[in-house]
Amino acid sequence: MQIFSEIEPMRAFLGKLKRDTGTIGFVPTMGALHPGHLSLVKASQSENSTTVCSIYVNPTQFNNADDLAKYPRTIDRDIAMLNEVNCDVLFCPGNDVMYESGSHIKFDFGSLDTMLEGRFRPGHFSGVALVVSKLFHIVNPDNAYFGQKDFQQYKVIEKLVEDLKFNVSLRCIPIEREPDGLAMSSRNARLSLSQRKKATIFYESMKQAAQMLRNGISWSVIQSEIKATFESMDEIRLEYFELADTSNLNSLESVSDKAILLVAGYVGEVRLIDNLLLEA
Ligand code: AMP
């Protein structure tokens, strides 16, 4: 695997590859890699001649300084994992490269920005859009791979690509889960053993809600029951548990042909998110 931390040498390398061999697939990450990230790398490898992964913990998307400081950083292990799956290129720039001239550009995605994650993480999607724009300009990929795990982020990036006419096709890859259902996340490493057990409530509650919806129970009853379950649990703090339309993430009152359950909250000091696509 070729590893770059500077822009120009990687651009030269990728430019030549693109001329000679075909398409570039891109997987942006913040590192602390797990099998969920690797499923994106594998999806890219199945569709492209070259796969580029980036590892960069982007400060502008953190609205909480403590979360940024405590974000797991495991670069040596990440490199070994990417080598293991034969990733072609890794881009791991520093802040001096990504924010050399400071950066004051802000994005506004309208309602997509203020609901769900946006409500609890002001400025988060502006930071995501900024870094993804920079990375798209640097890597110039044909296809880019994102996880359904961050579904709202995917919708924001869809809008970014459409509005700014980025010449890239996006893919949304299903969520990889632990055997007990917990969505894989770099943040899971920060959970204590007892917190790790409690964290299964996120997926369990969505499965339970999906079953209740199938049984014809009204959404308001389901939502308040689920909220009460979260409230009864020690060390768990729910931020939202919503039923939404996948096309615009507006709230739904019943399942349509494009519905998704979305959940976010804290286990101890660790913030987790998850979602579940529903069948009509
Ligand atoms: P992150 O490093 O957390 O910014 O994630 C990088 C990419 O991996 C994003 O597109 C995430 O949605 C995706 N991702 C994170 N966790 C998972 C998972 N459990 N399954 C599939 N993709 C994931």
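Residues numbered from 1 in each chain as written. Predicted model: local features only at pLDDT ≥ 70, side-chain atom pairs only at ≥ 80, totals over all residues. Heavy atoms only, no water.

### Notes on the domain arrangement of the protein
In terms of domains, the protein is made up of domain 1 (2–173) and domain 2 (186–272). On a C-alpha basis, the centres of domain 1 and domain 2 stand 27 Å from each other. Domain 1 puts 19 residues into the contact, and the matching count from domain 2 is 16 residues. A combined buried area of about 1600 Å² lies between domain 1 and domain 2, and 56% of that area is made up of carbon and sulfur atoms. (Domains from an automatic or database assignment. Contact = heavy atoms within 4.5 Å. Buried area = accessible area lost by both parts, 1.4 Å probe.)

### What to know about the sheet that holds strand β9 (residues 270–278)
Overall, antiparallel pairing links the three strands, which are arranged β7-β8-β9 in an open sheet. Each having just a single partner strand, β7 (236–245) and β9 make up the two edges of the open sheet. For this sheet, the mean inter-axis angle between neighbouring strands, taken without regard to orientation, is 15°. Here nine bridges tie strand β8 (residues 259–267) to β9, and the two strands are oriented antiparallel to one another. Its bridge partner being in β9, Gly265 is matched across the sheet by Leu272. In the packing of helix α12 (residues 219–231) onto the sheet, the strands contacted are β7 and β8, and the crossing angle to β7 comes to about 160°. (Pairing = 2+ DSSP bridges. Helix = DSSP H or I, 4+ residues; strand = E, 2+ residues; numbered from the N terminus. Axes fitted to C-alpha atoms, helices over the stretch in contact; angles between N-to-C directions.)

### Quick look at the nonpolar core
Counting 46 residues, the largest nonpolar core has Phe136 and Leu249 as its most contacted members. If you count residues domain by domain, this core takes at least three from each of domain 1 (2–173) and domain 2 (186–272). The residues touching Phe136, leaving out its near neighbours within four places in the chain, are Phe26, Pro141, Ala144, Phe146, Ile157, Val161, Phe166, Val168 and Leu170. Among the nonpolar cores identified, the runner-up in size contains 27 residues, and Leu191, Ala199, Phe202 and Met212 belong to it. (Core = buried A, V, L, I, M, F, W, Y, C linked by side-chain atoms within 4.5 Å. Buried < 20%, exposed > 50% of the residue type's maximum accessible area, 1.4 Å probe, protein only.)

### Some remarks on the packing of aromatic side chains
Ring pairs (aromatic) are described by centroid distance and by the angle formed between their planes. One pass over the structure, following the stated rule, counts eleven aromatic pairs. When the centroid spacing of 6.3 Å and the interplanar angle of 70° are considered together, the rings of Phe26 and Phe136 count as edge-to-face. Here the residue Phe26 occupies a position in strand β2 (residues 24–29), and Phe136 occupies one in helix α8 (residues 124–139), the gap between them amounting to 110 residues. Of the two residues, Phe26 and Phe136, both sit in the buried class. By the ring-pair criterion, three or more aromatic residues cluster together here, those being Phe26, Phe136, Phe146 and Phe166. (Phe/Tyr/Trp six-rings, centres within 6.5 Å; stacked < 30°, edge-to-face > 60°.)

### Description of the site of the ligand
In the vicinity of the ligand lie 17 residues, with Met30, Gly147, Asp150, Glu176 and Met184 positioned nearest. The separation between an oxygen atom of the ligand and a polar side-chain atom of His37 is 2.9 Å. Met184 is positioned with one of its backbone polar atoms (N or O) 2.8 Å from a nitrogen atom of the ligand. In isolation the ligand has 480 Å² of accessible area, and contact with the protein removes 92% of it. (Near = heavy atom within 4 Å. Polar contact = N/O pair within 3.5 Å; in protein donor to acceptor, adjacent residues only side chain to side chain. Areas by Shrake-Rupley, 256 points an atom, 1.4 Å probe, with all protein chains shown as cover.)

### Quick word on the pattern of salt bridges
Here the structure, examined in full by the defined rule, presents 16 salt bridges. One salt-bridge network, held together by shared partners, links Asp67, Arg121, Arg187 and Arg190. (Salt bridge = Lys/Arg side-chain N within 4 Å of Asp/Glu carboxyl O.)

### A closer look at the pairing of strand β6 (residues 169–173)
Alignment of strand β5 (residues 143–147) against β6, held across five bridges, turns out to be parallel. Within β6, the position partnered with Gly147 by the bridge is Ile173.

### As for helix α2 (residues 35–47)
Look at α2: 19 Å from first C-alpha to last across 13 residues, which is about the 18 Å you get at 1.5 Å a residue. All of the buried residues in α2 are Gly36, His37, Leu38, Ser39, Leu40, Val41, Ala43 and Ser44. (Expected span 1.5 Å × (residues − 1).)

### Quick look at the packing of α8 against helix α9 (residues 151–164)
Taken N-terminus to C-terminus, the directions of α8 and α9 make an angle of 55°; their axes are 10 Å apart at the nearest point. Viewed along their axes, α8 and α9 adopt a mutual orientation that is oblique. For the element pair α8 and α9, the recorded crossing hand is right-handed. Here Phe125, Val128, Ala129, Val132, Ser133 and Phe136 of α8 come into contact with α9, specifically with Gln152, Gln153, Val156, Ile157, Leu160 and Val161. Of the residues that constitute the contact of α8 with α9, the class distribution is nine nonpolar, three polar and no charged. (Parallel < 35°, antiparallel > 145°, perpendicular 65-115°, else oblique. Left-handed = near helix turned anticlockwise from the far one by under 90°. Nonpolar A, V, L, I, M, F, W, Y, C, P; charged D, E, K, R; others polar.)

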